[in-house]
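Observations on chain architecture
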Amino acid sequence: MAAHPHPAPTDPAGDPTTAALIAAHPALSMHAMDGLMLDEVPLAAIARAVGTPTWVISAATLRDRLASLRAALGPDVAIHYAMKANDHLAVLRILAAGGAGADVVSGGELARARAAGIAPGNIVFSGVGKSRAEMALALAEGIGQINVESAEELGRLSAVASAMGRTATVALRVNPDVDADTHAKITTGKAENKFGIAWEDAARLYAHAATLPGLAPVGLAVHIGSQILSMAPYRAAYARVAGLVRELRAGGHAVTHLDCGGGLGISYRGETEASPAAFAGALRSTLGGLDLALSIEPGRWLAGPAGLLLASVIQEKQTAHRRFVILDAAMNDLLRPALYEAWHGIVPVSPIDALAPSSPADVVGPVCESGDSFALGRLLPRLGEGALVALLDAGAYGSVMSSSYNARAFAAQVLVDGAKWAIIRARPPVDTLWEQDICPAWL
Ligand SMILES: *Cc1c(COP(=O)(O)O)cnc(C)c1O
């Protein structure tokens, strides 16, 4: 039995209400007895068993989102999950079982993808700075494609591949100089960003790559940024790239593959999320008819809405100026608010709290930084010591960005799958934080 409160869809600050946030997440429901549930599991039961803070991720949501992307794109567009969003082996296994490959940005991610059982042919290596050791690992594993981002990198990869007697299948990541209309820290396709090959150098470098030993250039790659909600920047970027494909082909080069990048945005604060159908339309309208093997690299769109961070209230603190809700989760767990001024929905887990009258509060963590803040002036009920809250849409760029700052142990991780749930990473004992410390003998 669901007990949804029925206030307006937004509160006076323009924030979505608790009811609207729950309604926007198919995996979430508020149960009159059990409180906030993720799929069929009460979050309070997880907190009782595992403690807090704990990351909780829904297997069904991961599967459903991958399936809806696949349905919109059709079988011919390869999906390489950008695993930097959430690289847990269980997440990788679920997405790989749904047919996704992986987009990796380091040797560590490549090793993780292989440990999760992803076939090397379904792995693409992106990133602005790959070491020779990482290149050698990628070639030894025989991965599907390496996206190269500079003339210098082409030279180094050619040398590594030649020395190994291998041929690297490469795409050139071009920078289309398009504004993705997103946060400055997650835009990657402007000329001033460090990413990709400058537009005016692209044709010349493609021709150059074809002359280098150990390299087989097969196409282009483009990734303009993250949390992109409008299709306009995608259309602008893909139209530019389509022109470059035609130019290269006219120059006698084979261009068979186009990696269209990731960046699809999700609804954190009631925005309309990027729709798979609209994205498929943008691909078709700009690249259809070019006879290219297309691939995409979504990270956030697949994993973000699947996960949340479950936290407990340590206490409220009322000053002459502000009301603070102090959580046991902090910026070392979920960095996005501090790093990107990101907004995350915060939903009380108790059904009584969810229906209680609310007033503005600043939601903060215990870390000794003013930046350790999850929300300002958020409408929340009075939350007593031990009250549980869920920070929503934390499945991407959440646990992977955690640190142990302030000697705080990493949070536990739990996977929910229907009515089943399991710990997928145990909360490490605090002494593991100094396990690798070495005190020199002279001390
Ligand atoms: C980060 C990244 C992605 C994924 O971005 P999302 O916004 O999470 O979809 C895809 N491709 C490359 C090259 C990236 O660096």
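Preceding block: the structure.
With respect to the overall build of the chain
Each helix and strand in the chain was counted, giving 13 helices and 21 strands. Here the C-alpha radius of gyration of the chain, 23 Å, is about what a compact globule of 443 residues would show, namely 22 Å. With the C-alpha coordinates of the chain rotated into their principal frame, the extents come out at 70 × 65 × 40 Å. Within the chain, contacts between residues separated by at least 24 positions form 70% of all contacts whose residues are at least 6 apart in sequence. In the structure as shown, the chain presents an accessible area of about 18200 Å², 56% of it carried by carbon and sulfur atoms.

Regarding the site of the ligand
Taken together, 14 residues surround the ligand, and among them Lys84, Ser226, Gly263, Glu297 and Tyr397 come closest. Backbone polar atom of Gly263 to an oxygen atom of the ligand: 2.7 Å apart, as the coordinates give it. Contacts to the ligand include Tyr397, whose side-chain N or O atom sits 2.5 Å from an oxygen atom. A total of 380 Å² of accessible area belongs to the ligand in isolation, and the protein chains cover 94% of it. Counted by class, the shell around the ligand contains three nonpolar, six polar and five charged residues.

Some words on the environment of Ala202
Residue placement: Ala202 occurs in helix α8 (residues 202–211). Put simply, Ala202 and Leu220 are 18 residues apart on the chain and 9.4 Å apart in space, counted from C-alpha to C-alpha. Residues within four places of Ala202 in sequence aside, it is in contact with Leu172, Val174, Ile197 and Leu244.

Describing the pairing of strand β1 (residues 28–31)
Because side chains alternate across β1, one face comprises the buried residues Leu28 and Met30, and the other comprises Ser29 and His31, none of which is buried. Examined bridge by bridge, β1 and strand β2 (residues 35–38) share four bridges and lie antiparallel to one another. The residue bridging Leu28 from the neighbouring strand is Leu38, located in β2. Linking two consecutive strands that pair antiparallel, namely β1 and β2, is a turn of three residues.

Points about helix α3 (residues 59–73)
Taking 1.5 Å of rise per residue, the 15 residues of α3 would be expected to cover 21 Å, and the 21 Å separating its terminal C-alpha atoms lies within 8% of that figure. Those residues of α3 not exposed but buried are Ala59, Thr61, Leu62, Arg65, Leu66, Leu69 and Leu73. Positive phi shows up at Gly74, right after α3, with a value of about 85 degrees.

Observations regarding the pattern of salt bridges
For the coordinates displayed, the defined rule picks out twelve salt bridges. A salt bridge links Arg65 to Glu273; its shortest N-O distance comes to 2.9 Å. With Arg65 in helix α3 and Glu273 in the loop between β12 (257–259) and α10 (276–287), this pair connects stretches of sequence that are 208 residues apart. Among the residues examined, Glu273 registers a relative accessible area of 27% and is labelled partly exposed. Arg204 is the partner of Asp201 in a salt bridge, and the nearest nitrogen-oxygen pair spans 3.6 Å. Look at Asp201 and you get partly exposed, because its relative accessible area is 28%. One salt-bridge network, in which partners are shared between bridges, spans Asp15, Arg269 and Arg378.

Quick notes on the packing of aromatic side chains
Enumeration over the complete set of coordinates arrives at three aromatic pairs. With centroids separated by 6.4 Å and ring planes inclined at 65 degrees, the aromatic side chains of Tyr238 and Phe279 adopt a geometry described as edge-to-face. Taken together, the positions of Tyr238 in helix α9 (residues 232–250) and Phe279 in helix α10 put the pair 41 residues apart, joining distant regions of the chain. Its relative accessible area of 1% is what places Phe279 among the buried residues. The structure contains a cluster of three or more aromatic residues connected by ring pairs, namely Tyr234, Tyr238 and Phe279. Residue placement shows Arg65 over the ring face of Trp301; its charged tip is 3.9 Å from the ring centre. Looking at Lys130, its charged tip hangs above the ring of Phe125, at a distance of 5.8 Å from the centre.

Notes on the pairing of strand β13 (residues 293–296)
Two strands pair when backbone bridges link them, and strand β5 (residues 78–82) and β13 are joined in this way by two bridges, in the parallel orientation. Pairing of Ile79 across the sheet is with Ile296, part of β13. Where β12 lies against β13, three bridges are found, and the strand directions are parallel. For Leu258, the partnering residue across the bridge sits in β13 and is Leu294. The parallel pair β12 and β13, bridged by α10, forms a crossover whose chirality is right-handed.

Let's talk about the nonpolar core
Counting residues in each nonpolar core, the largest one holds 84 residues, and the members touching the most others are Tyr81, Ile146 and Leu220. Per-element tally for this core: the top contributor is α9, with eight residues. Two domains each provide a minimum of three residues to this core, namely domain 1 (18–58 + 304–433) and domain 2 (127–296). Excluding anything up to four places from it in sequence, Ile146 contacts Phe125, Lys130, Ala138, Leu139, Leu157, Ala168, Thr169, Val170 and Ala171. Ile22, Leu36, Leu43 and Leu308 belong to the second-largest nonpolar core, a separate cluster that totals 26 residues.

Rules of the game
Residues numbered from 1 in each chain as written. Predicted model: local features only at pLDDT ≥ 70, side-chain atom pairs only at ≥ 80, totals over all residues. Heavy atoms only, no water. Helix = DSSP H or I, 4+ residues; strand = E, 2+ residues; numbered from the N terminus. Rg over C-alpha atoms; globule rule 2.2 N^0.38 Å. Contact = heavy atoms within 4.5 Å. Areas by Shrake-Rupley, 256 points an atom, 1.4 Å probe, with all protein chains shown as cover. Near = heavy atom within 4 Å. Polar contact = N/O pair within 3.5 Å; in protein donor to acceptor, adjacent residues only side chain to side chain. Nonpolar A, V, L, I, M, F, W, Y, C, P; charged D, E, K, R; others polar. Buried < 20%, exposed > 50% of the residue type's maximum accessible area, 1.4 Å probe, protein only. Pairing = 2+ DSSP bridges. Expected span 1.5 Å × (residues − 1). Salt bridge = Lys/Arg side-chain N within 4 Å of Asp/Glu carboxyl O. Phe/Tyr/Trp six-rings, centres within 6.5 Å; stacked < 30°, edge-to-face > 60°. Lys NZ or Arg CZ within 6 Å of the ring centre and 35° of its normal. Right-handed = clockwise from strand over helix to strand, strands pointing away. Core = buried A, V, L, I, M, F, W, Y, C linked by side-chain atoms within 4.5 Å. Domains from an automatic or database assignment.

Just distances and angles here, no functional claims.
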